[in-house]
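Each chain, written out:
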Amino acid sequence: METIKAITNQYKGQNEVDELKNFTKNKLDQVMKLHMSMPHYQASPLHELRALSKYLGVESIFVKDEATRFGLDAFKGLGASYAMIAYFADRYALDLKTMDFKKIKKFIKTVPKLTFATATEGNHGKGVAWAAKLLGQDAKVFMPKGAADSRLKSIQNLGAESFVTELNYDDTVLKVAELSEENGWVLLQDTAWEGYEKLPLSIMQGYSSIIVEVMNQLENISLNEMTHVFLQAGVGSFAASIAAVINNFTAGTSPKIIIVEPSEADCFYKSAESKSGAPIRIYGDLDTMMAGLSCGEPSPIAWNILKQLSSHFLSCPDSISAKGMRILGNPLNDDPRIIGGASGSLPLGAVYELLTNEKLNYIKEELDLHSHSKILMINTEGKTDPTNYQKVVWG
C-alpha cells in the first residue's frame, strides 16, 4: 500500500534569500491594513484540537480554517485582491501606505477597465474572479482538463468568463500567458518565471495576512513556541509566503517547516531530491484529487524560499488527504468540526499518519515529533468539490 515518502532538505540554510526582504513587518502591516478595509473582511478562525492532540500524544494541534474566507471557501482571495490593487498602484503611482480599499476603488473607477486573466485548478481563479468583480474589472479564467464542474460554475457565478482546456495545469498556465500577451490582458498568475515575478510576489504578500492573523489569535502560546508547521504546496506560493513570514518573525527560534504534496504532483519533493539545486518540473496528467496542489512545476520564487527554510518534504498519496478530510469532519469529543477539502486536509492527514503508523516511526523521529510538539497547519479550502467531499467523507 502506498504511503508517505520523506526527504530531508539538503539545501536548508545554505544561502541568503533576497525574497525574504519582501515580507518585512512594514510590508505586512500595509497588506493587513488593506485587507481589513475590504468589504466583509473577517479573520478566519484558528482552532485548537485539544482532544485530537491528546489522542495523538502531542502537546497541541492548531488548525487555521480558511474555508470561511470572504465567502469563497478558500484563502486565494487574499492574494488575488492584494495583487490586483498593487497592480493599479504600480501602474498609476499610487501610495498604498496612505490608502484604504474605498479610496483605491474610487480611484480605479476613474481609469479604463482592464481584463485580468489566469490559469487555475479552481481556488485561485475564483479569487481572481471575485477580486475583479469587487474592483469593477473583467476576468478570464482558464482551467486544466478534468476540472470539477462545481469549480467552473463557482467562477462563472462571480461574473468571470471561464473555460476548461485540454491541457494539464502547467501547460494551461503557458497558454494563458500567450493569450494575455496577444490580447492585452493583465496576467494575474500565482506562479512565477523569469521576467514575470512582480505580480506573483504581490499574490504571495497577500497571503501573508493569514499568518499575521494567527499571531494575533494565539493566546497562551506564541508563534516562536510552535515546533512544527506543516504546509501544503502546489506551485508553492502559499507555503513559501507563510514560511517567509514565520522566519522573519521568529528569527533564531523558527519551528520546523515541513512541506506536504500529492505523490502524483510532488515537484518540490523531486526538486529537493535533485542534486542540481534548481526547481524540477514533473510531467504527465498529475492525477490527484488534490486539485489545488496538482501542479508540476514549482514557482522559482517559492523554491528559493522553501529550499532555504524547509526542513523536510513529504510526498503523500490521496489516501492521506482523504484521512485528513474524515478526521476534520468527524472530530473527537469537543473539538470543532472543520470542513476540509482535499488540498486543505493533507497536512492533518500527514500528521495523523506519521503519529499512528508504526512503519513510519523513522520519519516521525527524523521530524522530532513527540509529546511536547506544538503543531500548526492551515486548512486552505473547504468543500470546493462537493461531490468528491461526500464521496470521501461518507463513502
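Everything that follows concerns the structure shown earlier in this document.
This write-up is about the structure you can find in this document. Everything numeric here is computed off the predicted structure, so don't read it as measured data. (Residues numbered from 1 in each chain as written. Predicted model: local features only at pLDDT ≥ 70, side-chain atom pairs only at ≥ 80, totals over all residues. Heavy atoms only, no water.)

Moving on, we come to the pairing of strand S4 (residues 115-119). Of all five residues that make up S4, five are buried, and the element is covered over most of its length. The pairing of S4 with strand S5 (residues 138-143) spans five bridges and is classified as parallel. Across the sheet, the residue bridging to Phe116 is Ala139, located in S5. In this view, the connection linking S4 to its parallel neighbour S5 by way of helix H5 (residues 123-134) has right-handed handedness. In this structure, S4 lies alongside strand S7 (residues 186-187), joined through two bridges in parallel fashion. Counterpart to Ala117 in the pairing with S7 is Leu187. (Buried < 20%, exposed > 50% of the residue type's maximum accessible area, 1.4 Å probe, protein only. Helix = DSSP H or I, 4+ residues; strand = E, 2+ residues; numbered from the N terminus. Pairing = 2+ DSSP bridges. Right-handed = clockwise from strand over helix to strand, strands pointing away.)

Another aspect to go through is helix H14 (residues 342-356). Between the first and last C-alpha of H14 there are 20 Å, a value that for 15 residues agrees with the 21 Å anticipated at 1.5 Å per step. The element H14 is largely enclosed, with a buried count of 14 among its 15 residues. (Expected span 1.5 Å × (residues − 1).)

What follows concerns the pairing of strand S10 (residues 310-316). Taken across its seven residues, S10 has seven buried, putting it largely inside the fold. Where strand S1 (residues 5-8) lies against S10, four bridges are found, and the strand directions are antiparallel. In the strand pairing of S10, Ala6 is matched with Leu314. Direction of pairing for strand S9 (residues 256-262) relative to S10: parallel, over a ladder of six bridges. Within S10, the position partnered with Ile257 by the bridge is Ser310.

Attention now moves to the sheet that holds strand S2 (residues 46-48). In spatial order, the strands read S1-S10-S9-S8-S11-S3-S2; together these seven strands make up an open sheet with mixed pairing. Because the sheet does not close on itself, it has two edges, and the strands there are S1 and S2. Each neighbouring strand pair of the sheet contributes to a mean axis angle of 20 degrees, computed without reference to strand direction. Examined bridge by bridge, strand S8 (residues 228-232) and strand S11 (residues 374-379) share three bridges and lie parallel to one another. Residue pairing across strands places Val229 opposite Leu376, the latter belonging to S11. Where helix H10 (residues 237-249) meets the sheet, it contacts S8, S9 and S11, and its direction lies at approximately 155 degrees from that of S8. Sheet contacts for helix H12 (residues 300-309): S9 and S10; angle to S10, the most-contacted strand, approximately 110 degrees. (Axes fitted to C-alpha atoms, helices over the stretch in contact; angles between N-to-C directions. Contact = heavy atoms within 4.5 Å.)

Turning our eyes to something else, we now look at the sheet that holds strand S6 (residues 161-164). Taken in spatial order, the four strands line up as S6-S5-S4-S7 in an open sheet, and their pairing is parallel. Of all the strands in the sheet, just S6 and S7 have a single pairing partner and so form its edges. Alignment of S5 against S6, held across four bridges, turns out to be parallel. Counterpart to Lys140 in the pairing with S6 is Glu161.

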